[in-house]
Structure formats: structure tokens, C-alpha cells
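These are the residues of each chain, in order.
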Amino acid sequence: LAMGWTRWADDSGNMSTYLLVAELDDNDRIIYEGWFDETDFDSAYHELDRRFYAGEGARFADNGSLQVDLMDAVNRLDLEVARELCLPSFRLVSPPTMLAMEERSLEEFFNWVAERAGQAPSVRHWMSVKRWVSLNCLISHLEIQSIGPKGDEYTWPRIAVSDMRGGLLAGIRQFDIDDEDAAFAYADTVVAKHSSRLPST
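Residues numbered from 1 in each chain as written. Predicted model: local features only at pLDDT ≥ 70, side-chain atom pairs only at ≥ 80, totals over all residues. Heavy atoms only, no water.

Caption draft 1: Local environment of the pairing of strand E8 (residues 153-165). Judged from the 11 bridges that link them, strand E7 (residues 137-147) and E8 form a sheet pairing that is antiparallel. Looking at the pairing, Ser-146 lines up with Tyr-154 of E8. As paired elements, E8 and strand E9 (residues 168-175) share 7 bridges and run antiparallel to each other. Each bridged residue has a counterpart across the sheet, and for Val-161 the counterpart in E9 is Arg-173. Counted between consecutive antiparallel strands, the loop separating E8 from E9 contains 2 residues, among which Gly-166 sits at a positive phi close to 60°. (Pairing = 2+ DSSP bridges. Helix = DSSP H or I, 4+ residues; strand = E, 2+ residues; numbered from the N terminus.)

Have a look at this one:
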């Protein structure tokens, strides 16, 4: 499965752009193509997730829906829905600034997102690549995209490691995009914590 952006043009200056969701079978043959208007990102992205969790990602569907719903809640600034998806102790840890890690509660994170949204006409959070390390741990390439007041486009890519417990999000730790080794090392500690038969005290 993949989602892409495509542009069709001719020598006369005619041009059209679309978002495309495509799926291949085990024999590398196309079994689905969905074309979406270039402004209908949400529909294309949701179709990509829906097809993944209904097919090859079915074993991750329960916790996968948490990620999908949380991204929707963040983009809508819907804190009440986000609270239903996360443990009360949820924390989001961002890459270090001024030599210190930034740790935020869910409420603090939403306040931060609301501040950014107030500075630009459009802000979107989404995951362009997902790698499930276990049923309870996901590593993703997180994209934060913004369109400024003058139409300028800005992006802030991150690597995010999500920790899920009991059907809820326990926390997300973000890493700089070039710090992939550290992200995978941290994910290993999350997986080990879930697989241990010894209780934590």
C-alpha cells in the first residue's frame, strides 16, 4: 500500500493534480487504485489506513486505530476525544531543546498545538511511514505540515515511538529525523518492558 501525489500536464499548459492510493497483491499486481482531489488529503489518508488495517496490518488494527483517531483529534484540536484515547499519565517527550528534553502532558501538548495553529491558517499532523515493532509499539515518521499566512509551506519531520498499554496510548517519544538509531533503541526498551513477566514496582 502507498499514497502518492501525481501531476498530469501537457504541452498546452493544461494540468491536473491528484492524490493516489494504490495497493498491490502478493504477486505485485495492482488490485486497487483510488484517486482523490488534491485538496482531499484526509479522505485519501483514511482510505490508506483503512485498507492497511483491514489487510496486511490486521493484527495491529486495535492499537492502529488509536493512532489514527489521535491524529484526527490533534488536527481538530479535540482534547476531549484525545483524553478517551490516552492514559491519564500520558506524556509526549520531544527532542532536546537547550540541552533538556521537553516533556508535556496531553493538555500541555494540545495547548502547544493550539498556539501553533493560531500562527498559521493550516497545520496538519500525520504519519508518512509506520513500522510496528510489536503489537504495543509503533515507530513512525511523523510529519507536521503548515501553510503560513502568505501561502508558504513548512514541514517539521520527526521520528515518533508510540507506547500503548491496555488499549490506550501511554506515551509518545519523539526523536530528530536523523536520530533513527536512538529511536529504534528506545523502541526496544518499550518492547522489552511489555514482554517482561516481572511486575514493575
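Caption draft 2: The sheet that holds strand E2 (residues 15-24), seen in detail. Read from one edge to the other, the open sheet built from 3 strands follows the order E1-E2-E3, with strand pairing classed as antiparallel. Each edge of the open sheet is held by one strand with a lone partner, namely strand E1 (2-9) and strand E3 (30-37). Averaged over all pairs of adjacent strands, the angle between their axes in this sheet comes to 30°, without regard to strand direction. In this sheet, E3 lies alongside E2 in antiparallel orientation, the contact comprising 7 bridges. Across the sheet, Leu-19 pairs through a bridge with Phe-36, a residue of E3. (Axes fitted to C-alpha atoms, helices over the stretch in contact; angles between N-to-C directions.)

Caption draft 3: Quick look at helix H2 (residues 61-76). Between the first and last C-alpha of H2 there are 22 Å, a value that for 16 residues agrees with the 22 Å anticipated at 1.5 Å per step. By the burial criterion, the buried members of H2 are Asn-63, Gly-64, Leu-66, Gln-67, Val-68, Leu-70, Met-71, Ala-73 and Val-74. Phi turns positive one or two residues past the end of H2, at Leu-77, with a value near 55°. (Expected span 1.5 Å × (residues − 1). Buried < 20%, exposed > 50% of the residue type's maximum accessible area, 1.4 Å probe, protein only.)

Caption draft 4: Structural context of the packing of helix H1 (residues 41-54) against H2. At a minimum axis distance of 10 Å, the contact between H1 and H2 shows a crossing angle of 170°. With respect to their mutual orientation, H1 and H2 come out roughly antiparallel. Of H2, the residues touching H1 (which contributes His-46, Asp-49 and Tyr-53) are Ala-61, Gly-64, Val-68 and Asp-72. For the contact of H1 with H2, a count of residues per class yields 3 nonpolar, 2 polar and 2 charged. (Parallel < 35°, antiparallel > 145°, perpendicular 65-115°, else oblique. Contact = heavy atoms within 4.5 Å. Nonpolar A, V, L, I, M, F, W, Y, C, P; charged D, E, K, R; others polar.)

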